[in-house]
Amino acid sequence: MSVAKFNHGVPLGKRPGANRDAKSLHRSLSKLGFKVDLHSDLSSEEIYQLFSEESKRPVKDCFLAVLSSHGEEGCVFGADGEPVWLSRIFTYFDNACMEKKTKLFLIQACRGEALDDGVEVDSCQQPPDGNFSHYFSVPVDTAVMFATAPGYGAFMNFCGSIFLQTFCSLLEEEGYSGLELTRLMTRLCHRVAYTFEAKGRQYDGKKEMPCLLTRLTRDVFPFADMGKDNNATTTARHAPSRSCLRTQQRLSEVGGGWRGERQVSYSAREGQEERLCIMG
């Protein structure tokens, strides 16, 4: 589920790069045997309805959902500008149909207005205040991977979001799709943290660090050898955008708080072990 273009009068900017994210997710997950449904530019009530229905549909082993929009801590925004509370989405999947099924949510959205400077030493700064009630609503056997830490912004430009593009890159590289889920997510965190750096006068040198919340009770391998199973019924949900702007920098400010992803140029830096290159 992705919101790329908001309704007329909603003071939230378009999201350049969301279309690239959708195409990359569709390609990578389809290769692994996932059945991928795409849903775009839904209102808040339509998003609630969508996930209520999806939570009642049977899956073989794993349900994977991607929610991509502008956001704040604890919510993303529908095309009508109204908040979609993650806690409510999560509670839909605490049912008999999804019992003992692996549930994975990827959240591409800002969680606040702070920017990560990538400090390598302990900091005395207090973490941003936030509503963490959605943590307690996560069902058993569920993992939630956020693009960024609580209180911080998430980056995107016309090439896509650093978080989802890196996720797709890992799935397509040899040896990664067969990893246990938490190990794969750890490598995702490492690659985003150590190979991404924003460019431009306003955001030069800023970083991003994904954050994993898990209530898994066992090792799971949702992407391992799925492409060999033609009858796989595992379901993924994401949506394409309807626009792909070439704006290098855009930041939506609403009501005194930042609600938009940081629309910036970013570079790929070669690390000691891994290299990320998604600008080409």
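This text follows the structure it describes.
Quick notes on the rules
Residues numbered from 1 in each chain as written. Predicted model: local features only at pLDDT ≥ 70, side-chain atom pairs only at ≥ 80, totals over all residues. Heavy atoms only, no water. Core = buried A, V, L, I, M, F, W, Y, C linked by side-chain atoms within 4.5 Å. Buried < 20%, exposed > 50% of the residue type's maximum accessible area, 1.4 Å probe, protein only. Helix = DSSP H or I, 4+ residues; strand = E, 2+ residues; numbered from the N terminus. Pairing = 2+ DSSP bridges. Phe/Tyr/Trp six-rings, centres within 6.5 Å; stacked < 30°, edge-to-face > 60°. Lys NZ or Arg CZ within 6 Å of the ring centre and 35° of its normal.

Draft legend 1. Region of interest: the nonpolar core. Counting residues in hydrophobic clusters, the biggest one holds 34 residues, and the most contacted among them are L29, L106, F167, L181, L184, L188 and F223. Put simply, the parts of the chain that give this core at least two residues each are helix 1 (18-31), strand 2 (62-68), strand 6 (102-108), strand 7 (142-146), helix 5 (162-172) and helix 6 (181-195). With 7 residues, the single largest contributor to this core is helix 5. Listed in part, the 32 residues of the second largest apolar core include V76, V84, L86 and V138.

Draft legend 2. Fine view of the sheet that holds strand 5 (residues 83-85). Here 3 strands make up an open sheet; going across it, the order is 3-4-5 and the pairing antiparallel. Every interior strand has two partners, whereas the edge strands, strand 3 (71-72) and strand 5, have only one. Relative to strand 4 (residues 75-77), strand 3 runs antiparallel, the two sharing 2 bridges. Its bridge partner being in strand 4, G71 is matched across the sheet by V76.

Draft legend 3. Molecular detail of the packing of aromatic side chains. Within the structure shown, the criterion is met by 7 aromatic pairs. These aromatic residues form a ring-pair network of at least three members: F51, F63, F90, F93 and F105. Over the ring of Y48 we find R88; its NZ or CZ atom is 3.7 Å from the centre of that ring.

Draft legend 4. Representation of unusual backbone geometry in the model. Of note, K100 is a non-glycine position whose phi angle comes to about 70°, a positive value. With respect to the helices and strands, K100 occurs in the loop between helix 3 (86-92) and strand 6. You will see that D141, though not glycine, has its phi angle at about 65°, which is positive. Its location among the elements puts D141 in the loop between helix 4 (133-136) and strand 7. With relative accessibility at 7%, the residue D141 sits in the buried group.

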